[in-house]
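Letter by letter, the chains look like this.
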Number of protein chains: 2
Amino acid sequence: MLRTHTCGDLRQEHVGQTVTLSGWVQRTRDKGALLYLDLRDRYGITQVVFEQGVEAEQLREQARELGREFVVSVTGRVAERYSKNANLPTGDVEIRPETLTVLNPAKLPPFLIEDETDGGDEARMKYRYLDLRRNPVRRNLELRHRLAQSVRRYLDGQGFLEVETPVLIKSTPEGARDFVVPSRMNPGQFYALPQSPQTFKQLLMVSGFDRYFQIVKCFRDEDLRADRQPEFTQIDCEMAFVEQEDILQTFEGLTRQLFIEVKGFDPGEFPRMTYADAMRRYGSDKPDTRFAMEFVELNEVAQGQGFPVFDNAELVVGINANTCASFTRKQLDELTDFVKRPQVGATGLVYARVEPDGTVKSSVDKFYAQEVLQQWKEAFGANPGDLLLILAGPADKTRKALNELRLEMGQRLGLRNKEDFRPLWVLDFPLLEYNEEDGRHYAMHHPFTSPKPEDVPLLDTKPGEVRANAYDLVINGTEIGGGSIRIHDRGVQARMFELLGFSPEEAEAQFGFLLNAFEYGAPPHGGIAFGFDRLCSMFGGADSIRDFIAFPKNNSGRDVMIDSPSEISAAQLKELSIDTKVEAGK
Amino acid sequence: MLRTHTCGDLRQEHVGQTVTLSGWVQRTRDKGALLYLDLRDRYGITQVVFEQGVEAEQLREQARELGREFVVSVTGRVAERYSKNANLPTGDVEIRPETLTVLNPAKLPPFLIEDETDGGDEARMKYRYLDLRRNPVRRNLELRHRLAQSVRRYLDGQGFLEVETPVLIKSTPEGARDFVVPSRMNPGQFYALPQSPQTFKQLLMVSGFDRYFQIVKCFRDEDLRADRQPEFTQIDCEMAFVEQEDILQTFEGLTRQLFIEVKGFDPGEFPRMTYADAMRRYGSDKPDTRFAMEFVELNEVAQGQGFPVFDNAELVVGINANTCASFTRKQLDELTDFVKRPQVGATGLVYARVEPDGTVKSSVDKFYAQEVLQQWKEAFGANPGDLLLILAGPADKTRKALNELRLEMGQRLGLRNKEDFRPLWVLDFPLLEYNEEDGRHYAMHHPFTSPKPEDVPLLDTKPGEVRANAYDLVINGTEIGGGSIRIHDRGVQARMFELLGFSPEEAEAQFGFLLNAFEYGAPPHGGIAFGFDRLCSMFGGADSIRDFIAFPKNNSGRDVMIDSPSEISAAQLKELSIDTKVEAGK
């Protein structure tokens, strides 16, 4: 037996017992007569003490030789400490060792295995197995485990069956780029890795499985922006014989249980907002509702007063940054620079302060009489000390820019506390998005999303205005989940493919199995998928998903620890009936 | 709301309530004045009755038009049945409908959606979504769900963390063929899909995760023999600071819990047998211990009597087929043909019956005196009515053939009851297997398996005799799980790679990350992996894994439902910097 207890187990009640612990050397401290060894494992740290004249000198000598991260086993008696450490669960006791065995020595790690490490990103990725020893990283993965267990418990309790869908599937032209896998047994042909199990879960509904879920890896071969991974994990769910309301209830229940079980509080009923409202009030389909600062439209009170920037704008819109009238010139210049960044996209920023006496002073005073400015104040419901920030321009672009400014202000004002969780359902998404560049419509969610029945007549006349039975779960400005009621009628599905530019032949070749399945008795159904990596990082109070994934890839899609991807042998290529064809310069 | 209850919910206590059910038309029966509709969903079947003069004629007309597998919704009152059906949980009641809505019509299915279907394998695979509607197939997947939930509950309770390891990893030359994935961002390079998360779980032990598990898809690009799938699922586990005994205890506990929770009985403590004993007593490293019929070695009593086949054989070995003395000539000829099949490989079969009077009559009477035959009888512990079946030849080959014959006899005698479960640990596997063809050793388990400490000196002298700290869990003659204590010392691991024919450079290129990890404080560790598909089919009392997988592939690795693998576009190939190169005739 390599241990009788873990390094987190021992308490006052164990005093007097002889125990064996195994773990890593966190550190040794040689205080002359007393030599301390802190022994660490996943469960905690236990102090081992080697006292001059008490423990054998040969044991003390052995202990002195230990380096950081050596793996050792200690057998000894549990003793009460002279000076207890209230910060450590095992702080009441220490081990008086009888034997000390080095199970494996360790080279000096390339960075400190401490909560605050001196390791850079690159070293931490290359030696990921050492980075994972650090408490904060390990705790993230423990949190992930607990969340997954809780998800499964809830869904099992609700009658959902976890069904594994295949990983080797078929490439489809819709959506993001597929990863593909050459088939040795079918030369010249390829499998694709799933971007989601969408069609399979719908087939399971056609099969009468009624309630399906899966925590499942999905794959997208996209250029990796910060915090995207080529392989990611979804909580994927589908239900038959349901309407939107059934789904919202079920998964609000799931999300609340996760908060209760893992975070220890119930966030209560989730508010709901239509997509149109979210865009109008926050300029975003995933508003951060931890703080108000809602958009106020000013066309009526700001136009026709001779200020050309506002007069010529499709939309004049602003936010009230409460209590920010004291912002300095420098701060206001920073905000102006912020909104002018290409990724924000505004051309300028107008501001107005409400003075202690209630008068308004704006950056465009020369165009606006105080009387008009008072109308602005009223529109914002502003009070002395408030700062009004106003943008103008094309409606969509301006709302998008003001959303960025709102988030920036929320950040500056400390209104985006990571331990404050505000879930929100966003409903009634548009079915289609028009792409100016190639003059066609794309599915906003995916091609299987059903239009709202009352909007179906618009499909032929104004497809851009058709609303979908689609919904997102947003928490703190991040999309955590999204789904829809699906099409279950072959005719509607075929019409949808047509709108998306598929010829009937292409639709048949790609999705014939699904269209056929709809002819054999498909029930009404719908579902949702949660981004599990994102959910974990949100619950963990972090911005990045990377430290919630045991072995992540870097921004070039490489695993620098195992050095993958890598070249394969000519024999392998030949067996697979493929050849590499690397262009010069690549 | 599309339903208030499922088709399995309603009982006597619901009589008088108005309910809405939705489901599939199992069948309609028009009995003149009474017209019945059986409505089916995952949860059961409920009868709807349309009575002349009670239900509106227009409703009866609607019901008459319904075809099999139409999806309908029925609202009506729950009524007590005149003639109850005790075989149906809902058999006390029926629905007197008020409205009937067709949610989706259905074409006639290509095969019967009944427990016994008329569908052939090919049709069932192509229309898998219809096959999955059949109770036996759906129940298999429900069983799979329950097993997975139970596994997770047990391991979570034992402190194991489920950690997802990557799917896009690195190709290695060892083991089976890898599936590979061309990397678009790293032209000319490939990821590989994991054959198992072996190295990652070992790294998690180096990371101090202490107890890891994962229910995870693995991939092997092998020629598919019957009942192999290119993607399959493992329960993958690893523990640190353990010896073999700790692992056997932990996973015996898991397996017993699965039996208790899912099959409703405790199989008790698992017996253990060494590999050497298993080979000697059963000619197999996975003996079916539901029945005895152990091997009896006869060299002493059968050689030196002038029968050249026995005299020249390395091994003469037999089994006692109790009570089979009455086998006819025809049956014995069948057995002789059986052992001579190439996949069995014996050259002939000798048999001997024990007559009612205790004398022995054998097929080789002319070489053996009754006195010698009585010695055979004694060796077998045989009684009147027994049939002794004897093979002779090279030891390994003969044991292998007798194993096949033993299993065949067990089958014929009905001793292999699928609801009788006999788990067994097989221990002390050889570390290496020698391959005559290429004159080198291969790892019997995998290159990370540790030799038994006492056998380490043999590594340099007689590597073929080194035993490993490796174990298999066998149930009813099927390997359900296997694992080992791993090497955690860089030097031993490097020596192992050397024995397996890796140059130091190759070892470094392929497994450098693991060898390095071992230098930074690797704890002793070991683990096990269970074949989850196989476990499910065993618990389900089936021989094949295919119907325990929702969407399996056929023997050419094709998914005939979605028609995958398939060709991809020239643009995709170009982006991936690869070309197909299909040889003529393929």
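Treat the numbers as computed from the prediction; the structure is a model and nothing was measured.

Some words on the overall build of chain A
- Within chain A one finds 17 helices and 23 strands.
- Summarising its shape, the C-alpha atoms of chain A cover approximately 95 × 75 × 55 Å along the three principal directions.
- Contacts in chain A between residues far apart in sequence, at least 24 positions, make up 65% of those at least 6 positions apart.
- With an accessible surface of roughly 23500 Å², chain A has 47% of that area assigned to carbon and sulfur atoms.
- Distance from the positive charge centre (72 side chains) to the negative charge centre (91 side chains) of chain A: 5 Å.

Topic: the UniProt feature "binding site: L-aspartate" (unreviewed entry) in chain A
Residue and element names in this part refer to chain A.
- According to UniProt, the feature "binding site: L-aspartate" (unreviewed entry) maps to Glu174, Arg220, His445 and Arg486 in the numbering used here.
- Along the chain, Glu174 falls in the loop between β6 (161-162) and β7 (180-182).
- Of the residues examined, Glu174 reaches a relative accessible area of 15% and is grouped as buried.
- Ignoring sequence-local partners within four residues, the contact set of Glu174 consists of Gln195, Arg440, Pro447, Leu500 and Phe502.
- Residue position: Arg486 is located in the loop between β21 (478-485) and α14 (490-499).
- A distance of 2.7 Å separates a polar atom in the side chain of Arg486 from a polar atom in the side chain of Ser484.

Structural notes on the sheet that holds strand β21 (residues 478-485) of chain B
Residue and element names in this part refer to chain B.
- Strand order in this open sheet of 8 strands is β6-β9-β10-β22-β21-β20-β17-β11, and the pairing throughout is mixed. The open sheet has two edge strands, β6 (161-162) and β11 (272-274), and neither has a second partner.
- Pairing analysis gives 2 bridges linking β6 to strand β9 (residues 211-219), with the strands arranged parallel. The partner of Glu162 across the bridge, within β9, is Phe213.
- In the packing of helix α5 (residues 198-206) onto the sheet, the strands contacted are β9, β10 (231-240) and β22 (525-531), and the crossing angle to β10 comes to about 20°.

Focus on the pattern of salt bridges
- Going through the model one piece at a time under the given rule, you end up with 126 salt bridges over all chains.
- Between Lys581 of chain B and Asp579 of chain A there is a salt bridge, with the nearest N and O atoms lying 3.6 Å from each other. One end of the pair, Lys581 of chain B, is in the segment after β23 (578-580); the other, Asp579 of chain A, is in strand β23 (residues 578-580), on a second chain.
- Residue classification places Asp579 of chain A among the partly exposed positions, given a relative accessible area of 30%.
- Notably, a salt bridge pairs Asp547 of chain B with Arg128 of chain B, separated by 3.1 Å at the nearest N-O pair. Here Asp547 of chain B is found in the loop between α16 (532-539) and α17 (570-575), whereas its partner Arg128 of chain B is found in helix α3 (residues 128-131), with 419 residues between them in sequence.
- If you follow the salt bridges from partner to partner, you end up with Asp121, Arg124, Arg128, Asp131, Arg134 and Asp547 of chain A in one network.

Here we look at the sheet that holds strand β12 (residues 296-297) of chain A
Residues and elements named next belong to chain A.
- Taken in spatial order, the 5 strands of this open sheet run β12-β13-β16-β14-β15, and their pairing is antiparallel. Each of the sheet's edge strands pairs with one partner strand only, and the pair in question is β12 and β15 (360-362).
- Bridge count between strand β14 (residues 350-354) and strand β16 (residues 387-393): 4 bridges; the pairing is antiparallel. Among the inter-strand pairings, Tyr351 is bridged to a residue of β16, identified as Leu389.

Some details on the interface of chain A and chain B
- The partner chain B presents 126 residues to the 126 residues of chain A that form the contact.
- When the two sides are added together, the surface that chain A and chain B hide from each other amounts to roughly 11300 Å², 57% of it contributed by carbon and sulfur.
- Across the chain A-chain B interface, the total number found is 16 salt bridges.
- One salt bridge in this structure joins Arg184 of chain A and Asp221 of chain B, with 3.1 Å as the shortest N-O distance.
- Counting the contacts that link chain A with chain B gives 71 residue pairs in polar contact (both at pLDDT 80 or more).
- Residue contributions to the side of chain A that touches chain B peak at 8 residues, all from helix α4 (residues 135-157) of chain A.
- Considering only residue class, the side of chain A that touches chain B consists of 63 nonpolar, 26 polar and 37 charged.
- Here β23 of chain A pairs with β23 of chain B via 3 bridges, running antiparallel. Paired with Thr580 of chain A across the bridge in β23 of chain B is Ile578 of chain B.

Here's the deal with the relation of the copies chain A and chain B
- With an RMSD of 0.1 Å, chain A superimposes on chain B once it is rotated by 180° and translated 0.0 Å along the axis. The operation mapping one copy onto its partner corresponds to a two-fold rotation axis.
- Both copies contact each other with a shared surface, as 100% of the interface residues of chain A are interface residues in chain B too.

Structural notes on α14 of chain A
Residues and elements named next belong to chain A.
- Those residues of α14 lying buried are Gln493, Met496, Phe497 and Leu499. Projected onto a plane normal to the axis of α14, the buried residues spread over an arc of 160° and lie on a single side.
- In this fold, the buried residues of α14 make contact with β18 (432-435), β19 (440-443), α13 (458-461) and α15 (504-517).
- Its side-chain oxygen at 2.8 Å from the backbone nitrogen of Gly491, Asp489 defines the N-terminal cap of α14.
- Count one or two residues on from α14 and you reach Gly501, which has phi positive near 90°.

Observations regarding the UniProt feature "binding site: ATP" (unreviewed entry) in chain A
Residue and element names in this part refer to chain A.
- Mapped onto the present numbering, the UniProt feature "binding site: ATP" (unreviewed entry) falls at Arg220, Asp221, Glu222, Gln229, Glu479, Gly531, Phe532, Asp533 and Arg534.
- Mapped onto the secondary structure, Asp221 falls in the loop between β9 (211-219) and β10 (231-240).
- With relative accessibility at 3%, the residue Asp221 sits in the buried group.
- Tracing the backbone through its elements, the reader meets Glu222 in the loop between β9 and β10.

Some words on the side chain of Thr398 of chain B
- Mapping Thr398 of chain B onto the fold places it in helix α12 (residues 395-412).
- Overall, the relative accessible area of 4% leaves Thr398 of chain B in the buried class.

Here we look at the confidence of the model for chain A
- Across chain A, the average pLDDT comes to 95, with 99% of residues at or above 70.
- Both scores are available for the predicted complex, with the pTM at 0.95 and the ipTM at 0.95.

Calculation criteria
- Residues numbered from 1 in each chain as written.
- Chains lettered and ligands numbered in written order.
- Predicted model: local features only at pLDDT ≥ 70, side-chain atom pairs only at ≥ 80, totals over all residues.
- Heavy atoms only, no water.
- Helix = DSSP H or I, 4+ residues; strand = E, 2+ residues; numbered from the N terminus.
- Contact = heavy atoms within 4.5 Å.
- Areas by Shrake-Rupley, 256 points an atom, 1.4 Å probe, with all protein chains shown as cover.
- Lys, Arg positive; Asp, Glu negative; His and termini not counted.
- Charge placed at Lys NZ, Arg CZ, Asp CG, Glu CD.
- UniProt positions renumbered as here; feature names shortened; annotations may be inferred.
- Buried < 20%, exposed > 50% of the residue type's maximum accessible area, 1.4 Å probe, protein only.
- Polar contact = N/O pair within 3.5 Å; in protein donor to acceptor, adjacent residues only side chain to side chain.
- Pairing = 2+ DSSP bridges.
- Axes fitted to C-alpha atoms, helices over the stretch in contact; angles between N-to-C directions.
- Salt bridge = Lys/Arg side-chain N within 4 Å of Asp/Glu carboxyl O.
- Buried area = accessible area lost by both parts, 1.4 Å probe.
- Nonpolar A, V, L, I, M, F, W, Y, C, P; charged D, E, K, R; others polar.
- Least-squares fit on C-alpha atoms with pLDDT ≥ 70 in both.
- Arc of directions from axis to C-beta.
- pLDDT = per-residue confidence, 0-100.

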